[in-house]
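# Inside the fold
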Amino acid sequence: MLQVLSITIPIYLVMAVGWLATRAGLFQRADMRVFGKYVIHLALPALLFNALSSRSVAEVLNPVFVAAYAGGSLLAMGAGILWARKVSGKPLSASAIAGMGMSCSNSGFVGFPLVMQMFGASTAGIGLALAMVVENLLLLPLALAIADADLGEAGAGASRAQRLRTALRQSMRGLLRNPMIHGIVIGFLFTVFGWRLPEPVAKAVNLFAMSTAA
């Protein structure tokens, strides 16, 4: 129990410091969006690139982890949709969003700093990259497709297949604009081809990557 607390307490202490700093007026609520943009657009992509580009392909591709994470996430999504539909009586679209909320973990902001303390930044970065691949290529498109299957006024004139294709296109467009996916793809390419960044550039990328956990 003490070992678990030694890992989780620092995360809650950081959250408490952020809450106190905002309450005290050191930061405004709008500033939190700036922090979030920094993490999502700069720090996390740099971390994901570093984690993947510094390992071999065999170390990066872990089918057991992907299968376990995808299977558990799909079970959580199914349970969330079933509960929202059968117990809470919500429409299918709202149930799909509830299922998405239950299955898409907070991998970047909570999962990574927790795992990093146990296994180190590089191993945690690979786990984060694989988790994000599952979330962005499987869970999010599936949840959006299920939500879009709920006929409404906006989609009444389109067939189910058309609406499914529209949902998938929207998901893929969002995927292509996701800077974290860019970091994963570029890092994997560096791993496959054995490329290395020039040392000054690598150090600059590492500075961004090291700031991610906090």
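Residues numbered from 1 in each chain as written. Predicted model: local features only at pLDDT ≥ 70, side-chain atom pairs only at ≥ 80, totals over all residues. Heavy atoms only, no water.

### A few points about helix α7 (residues 121-148)
This is how it is decided: Secondary structure is summarised from DSSP: a helix means a run of H or I of at least four residues, a strand means a run of E of at least two, and numbering begins at the N terminus for each. Residue count minus one, scaled by 1.5 Å, sets the expected span of a helix. A residue's bend is simply the angle between two axes: one fitted to the seven residues ending at it, one to the seven starting at it.
Taking 1.5 Å as the rise per residue, α7 with 28 residues should run 40 Å; its terminal C-alpha atoms sit 38 Å apart, in good agreement. Along α7, the helix axis deviates most sharply at glutamate 135, where the bend reaches about 35 degrees.

### Considering the side chain of serine 95
Inclusion rule: Each polar contact in these results corresponds to two N or O atoms within 3.5 Å; when the atoms are within protein, one needs to be able to donate a hydrogen and the other to accept it, and residues that are neighboring in sequence are counted only if both atoms are side-chain atoms.
Here serine 95 lies in helix α5 (residues 92-103). A distance of 3.4 Å separates a polar atom in the side chain of serine 95 from the backbone oxygen of lysine 90.

### Overview of the pattern of salt bridges
Rules: Any carboxyl oxygen of Asp or Glu within 4 Å of a side-chain nitrogen of Lys or Arg constitutes a salt bridge here. Burial classes: relative accessible area under 20% of the type maximum marks a residue as buried, over 50% as exposed, and values in between as partly exposed (1.4 Å probe, protein chains only).
Summed over all chains, the structure comprises 2 salt bridges. Taking the shortest distance from any N to any O, the salt bridge between glutamate 59 and arginine 55 comes out at 3.7 Å. With relative accessibility at 21%, the residue arginine 55 sits in the partly exposed group. One salt bridge in this structure joins lysine 203 and glutamate 199, with 3.3 Å as the shortest N-O distance. Of this pair, lysine 203 and glutamate 199 both sit in helix α10 (residues 199-210), 4 residues apart, roughly one helical turn. Residues lysine 203 and glutamate 199 agree in their burial class; the two are exposed.

### A word on the side chain of serine 107
Stated precisely, the cut-off is as follows: Every residue pair with non-hydrogen atoms within 4.5 Å of one another is taken to be in contact.
With respect to the helices, strands and loops of the structure, serine 107 is situated in helix α6 (residues 107-119). With a relative accessible area of 9%, serine 107 lands in the buried category. Among residues more than four places away in sequence, those in contact with serine 107 are Tyr69, Phe112, Leu128, Ala131 and Glu135.

### Some thoughts on the environment of proline 45
Residue position: proline 45 is located in helix α2 (residues 29-53). On the basis of relative accessibility, which here comes to 11%, the residue proline 45 falls in the buried class. In this structure the C-alpha to C-alpha distance between proline 45 and valine 205, which are 160 residues apart in sequence, comes to 9.3 Å. For proline 45, the residues in contact, after removing those within four places along its chain, are Val39, Ile40, Pro179, Met180 and Gly183.

### Some remarks on the packing of α5 against α7
Condition: Lines fitted to C-alpha atoms define the axes here, with helix axes fitted over just the stretch in contact, and angles between the N-to-C directions of these axes take values from 0 to 180 degrees. In these notes the angle categories are as follows: under 35 degrees is roughly parallel, over 145 is roughly antiparallel, 65 to 115 is roughly perpendicular, and the rest is oblique. Left-handed describes a crossing whose near helix is turned anticlockwise from the far helix by less than a right angle; the clockwise case is right-handed.
The geometry of α5 relative to α7 is characterised by a closest axis approach of 8 Å and an angle of 165 degrees between their N-to-C directions. By the criterion of interaxial angle, the relationship of α5 to α7 is roughly antiparallel. As for the relative orientation of α5 and α7, their crossing is right-handed in sense. Note on element contacts: α7 touches α5 through Leu139, Leu140, Ala143, Ile146 and Ala147, opposite Leu92, Ser93, Ala96, Met100 and Ser103.

### A look at the packing of helix α1 (residues 2-23) against α6
To keep it simple, the criterion reads: Residue polarity is assigned by list, with Asp, Glu, Lys and Arg as charged and Ala, Val, Leu, Ile, Met, Phe, Trp, Tyr, Cys and Pro as nonpolar; anything else, Gly included, falls into the polar class.
Two numbers describe how α1 lies on α6: the axes approach to 9 Å, and their chain directions differ by 140 degrees. By the angle between their directions, the pair α1 and α6 is classed as oblique. For the element pair α1 and α6, the recorded crossing hand is right-handed. Mapping the contact onto sequence places Ser6, Ile7, Thr8, Pro10, Ile11 and Met15 in α1 and Val110, Pro113, Leu114, Gln117 and Met118 in α6. Taken together, the residues of the contact of α1 with α6 sort by class into 8 nonpolar, 3 polar and no charged.

### Some points on the environment of leucine 128
Tracing the backbone through its elements, the reader meets leucine 128 in helix α7. On the accessibility criterion, leucine 128 (3% relative accessible area) is buried. Here leucine 128 is in contact with Leu44, Leu47, Leu48, Ser107, Gly108 and Phe112, once residues within four sequence places are set aside.

### Points about a nonpolar patch on the surface
The condition that has to hold: Only residues above 30% relative accessible area that lack a salt bridge enter a patch, with like-charged residues linked at up to 9 Å and the nonpolar side chains Val, Leu, Ile, Met, Phe, Trp and Tyr linked at up to 5 Å. Throughout, the Shrake-Rupley method with a 1.4 Å probe supplies accessible areas, and for residues the shown protein chains are the sole cover considered.
Among the surface-exposed residues, Val57, Leu61, Val185, Leu189, Val192, Phe193 and Trp195 lie close enough to one another that they form a single nonpolar patch of about 610 Å² accessible area. Considering every element that reaches the nonpolar patch, the biggest residue donor is helix α9 (residues 179-193), with 4 residues. With respect to the element layout, phenylalanine 193 can be found in helix α9.

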